[in-house]
Amino acid sequence: MWTLKAVALFAVFYACTLFSAQLSVRADDQPSLPAIRRASLPDLYEASISELQEGLEAQLFTSVDLVKAYFARIEEVNLQGPQLRAVLELNPSALAQAAALDNERKVSGIRGPLHGIPILLKDNIATVASEGMNTTAGSFSLLGSIVPDDAGVVKRLRKAGAILLGKANLSEFAHFRGNLASGWSGRGGQCTNAYFPHADPCGSSSGSGVAVSIGLVTVALGTETDGSITCPTSNNNLAGIKTTRGLTSRAGVVPISEHQDTVGPMARSMADAATVLSIIAGRDPNDNFTLAQPAVVPDFTKALDPNALKGKRIGVPRKVFTNDNITGNDPFVNVAFNASLDVLRALGATVVDPADLPSAEEIAVSNNETIVLDVDFKIQLNAYYESLLSNPSGVRSLADLIAFNNANPALEEPPRFEDQSELIESEATTGMNSTYFQALAFDKDLGATRGIDAALQQFKLDGLVLPAPGFTTVPAAIAGYPIVTVPLGFYPENVTIALAGPETVYPAPGVPFGLSFLGTAFSEFQLIGFAFAYEQKTKTRLARKAFAEAIPKTQLQDILSSHSGL
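Remember, it's a predicted structure, so these values are computed and weren't measured experimentally.

Brief notes about the state of the cysteines
- Counted by the stated rule, this structure contains one disulfide.
- In this model, C202 is linked to C231 through a disulfide, with the two sulfur atoms separated by 1.8 Å. On the S-S bond that ties C202 to C231, the torsion sits near 95°, and the link is right-handed. Of the two residues, C202 sits in the loop between β5 (189–190) and α7 (206–213) while C231 sits in helix α8 (residues 230–235), which places them 29 residues apart along the sequence.
- Residue C202 is classed as buried on the basis of its relative accessible area of 9%.
- Unpaired in terms of disulfides, C191 finds its nearest cysteine sulfur in C202, a separation of 11 Å.
- You can call C191 buried: its relative accessible area is 0%.

A word on the nonpolar core
- Ranked by size, the top nonpolar core spans 136 residues in total, and within it L157, M270, L344 and F517 carry the most contacts.
- Here this core takes eight residues from helix α3 (residues 63–77), the largest share from any one element.
- In this view, M270 contacts A239, G240, I241, L304, V484, T485, V486, I528, A531, F532 and E535; residues no more than four positions away in its chain are not counted.
- V320, V352, A355 and I478 belong to the second largest nonpolar core, which has 23 residues in total.

What to know about the sheet that holds strand β9 (residues 313–315)
- If you walk across this open sheet you meet the 11 strands as β1-β3-β2-β6-β8-β7-β12-β13-β11-β9-β10, and the pairing is mixed. Two strands lie at the open edges of the sheet, namely β1 (87–90) and β10 (350–352), each paired on one side alone. In this sheet, neighbouring strand axes are inclined to one another by 30° on average, regardless of whether the strands run parallel or antiparallel.
- Pairing geometry for strand β2 (residues 118–122) and strand β6 (residues 219–224), over three bridges, is parallel. Its bridge partner lying in β6, I119 is registered against V219.
- Along the sheet face, α7 touches β2, β3 (163–168), β6 and β8 (262–267) and points at about 155° away from the line of β6.

Looking at the environment of A295
- Locating A295 in the fold gives a position in the loop between α9 (270–280) and β9.
- Sequence separation between A295 and R283 is 12 residues, and the spatial gap between their C-alpha atoms is 8.5 Å.

Some remarks on the packing of aromatic side chains
- Taken as a whole and judged by the stated rule, the model has 10 aromatic pairs.
- Ring centres 4.8 Å apart and planes at 10° place the aromatic pair W184 and F417 in the stacked group. With W184 in strand β4 (residues 184–185) and F417 in the loop between α15 (409–412) and α16 (421–427), this residue pair connects regions lying 233 residues apart in the sequence. This pair shows no difference in class: W184 is buried, exactly as F417 is.
- Measuring from centroid to centroid gives 5.1 Å for Y436 and F437, while their planes differ by 80°, and the two rings are edge-to-face.
- On the basis of relative accessibility, which here comes to 45%, the residue F437 falls in the partly exposed class.
- For R250, the ring lying beneath its charged end belongs to F289, and the centroid distance is 4.9 Å.

Thoughts on the pairing of β2
- Burial within β2 is extensive, with five of its five residues counted as buried.
- Burial of β2 is two-sided: the residues P118, L120 and K122 facing one way and the residues I119 and L121 facing the other way are all buried.
- Where β2 meets β3, five bridges bridge the pair, whose relative direction is parallel. Along β3, the bridge assignment pairs P118 with I163.
- Handedness of the β-α-β unit built from β2, helix α5 (residues 152–159) and β3 comes out right-handed.

So, how was this worked out
Residues numbered from 1 in each chain as written. Predicted model: local features only at pLDDT ≥ 70, side-chain atom pairs only at ≥ 80, totals over all residues. Heavy atoms only, no water. Disulfide = S-S within 2.5 Å. Helix = DSSP H or I, 4+ residues; strand = E, 2+ residues; numbered from the N terminus. Buried < 20%, exposed > 50% of the residue type's maximum accessible area, 1.4 Å probe, protein only. Core = buried A, V, L, I, M, F, W, Y, C linked by side-chain atoms within 4.5 Å. Contact = heavy atoms within 4.5 Å. Pairing = 2+ DSSP bridges. Axes fitted to C-alpha atoms, helices over the stretch in contact; angles between N-to-C directions. Phe/Tyr/Trp six-rings, centres within 6.5 Å; stacked < 30°, edge-to-face > 60°. Lys NZ or Arg CZ within 6 Å of the ring centre and 35° of its normal. Right-handed = clockwise from strand over helix to strand, strands pointing away.

Written as structure tokens, this is what we have:
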């Protein structure tokens, strides 16, 4: 095992190396360009994939310019100013990747819609160490570890010509460490929301959500076991897709449970989310669950139909899921949610209200999910540590991890962030016994058979709709089913501010919350259509921006001006 001093020195070395001056702009990096008016360039706070591609194709700017702009924007607000702590590290190879893709664009054209587009990865998604980035799940126990290969979804992004901009902060071990605040990790500290100072970003894909929300990157990948894409999508005014288990590969992702883990996109629009999903979905021989998906991955961008809700039956499973006494939601969430149902009706949907899940009350009190996750986590995390080609910390198992945290409290157990009760509970499990298999079967029964599928069949529904906050993610999590989320509203100025963690608050004035569409396995195409229709009708995301200090000022014009002498 490393000593505290050795680990700390290693951490300082990496921080200095990976956040160093990729941000500087040299006059000889680019040929001199004519003056370009700001009005002709996309605003990076809101810029879409298609808008960026149009600018790249028109030669208004390059992917190198884009990476430099994003690096500068991160520098402004990540560890300075509001100190949002959304990004753990930048990719020291990003500029070289961008330059190569710029050249490829000139010589042979683009590979597709993600060619030259920067993407941020949650820090539990593996990238080969030779590129210069870590994969740590926010834990110092994995700093400097060497993974055997890129994650399956990363291989697809590289093939599509995406630029890996960096790694996003997250709730450590995807919020499966203990009773800790969302968005906190040992390596990254407390990530916070850009819509109200110190507001809860939710998690565990916290940094992914915050970074996309204010244009620190074009799009990001998150992961979800139960709520970890849906909740930060909701809290950060985004469009996000929690995929069906097995639609996207989990190979190379630091695991919680193969029965619930998923990877999905987080974006500022459903169009961008659908574009990324079309790239990362598909079978992977390194993840057997993906072999059960339909033979052909659809082009999810073809689901982007503003009339997608016309003639559809959408159910509202109110029992449990809109009960504030159970969900803990502020009453304003249901006010906004009920108003959204009128929008669905105006878009041509028949709203079946209520359309309750037969298993709803059982789900609310069930402990089966915890039993399954505790057993899976120990087995699968141990296997992940063993798969590493090397790990400087010496940690090779969950038991080692618990000991490492206790031996390095300054790094992993600072005051108010000491808890690792979930790790300890998982370590105490004894494998896949009869209790485990019974819990796994109950999960499927409660979430799918007598849950989502039962409601869809009983009420002849095309989908379900609920407010994203609260208990909404649980049935889909235990069933392995998809959730597609778009912005619904913002907490009012008079909302009662409450503590969410030692350094965070929730709810708070102006903090966003989302609307979630749910369906059966592999129904993403239809759900994307429903969410897109609602998003285009309401344009809720555009109704409010982040608080002023959290909005980066650097734009493409600033980068272009610096190397054209303007």
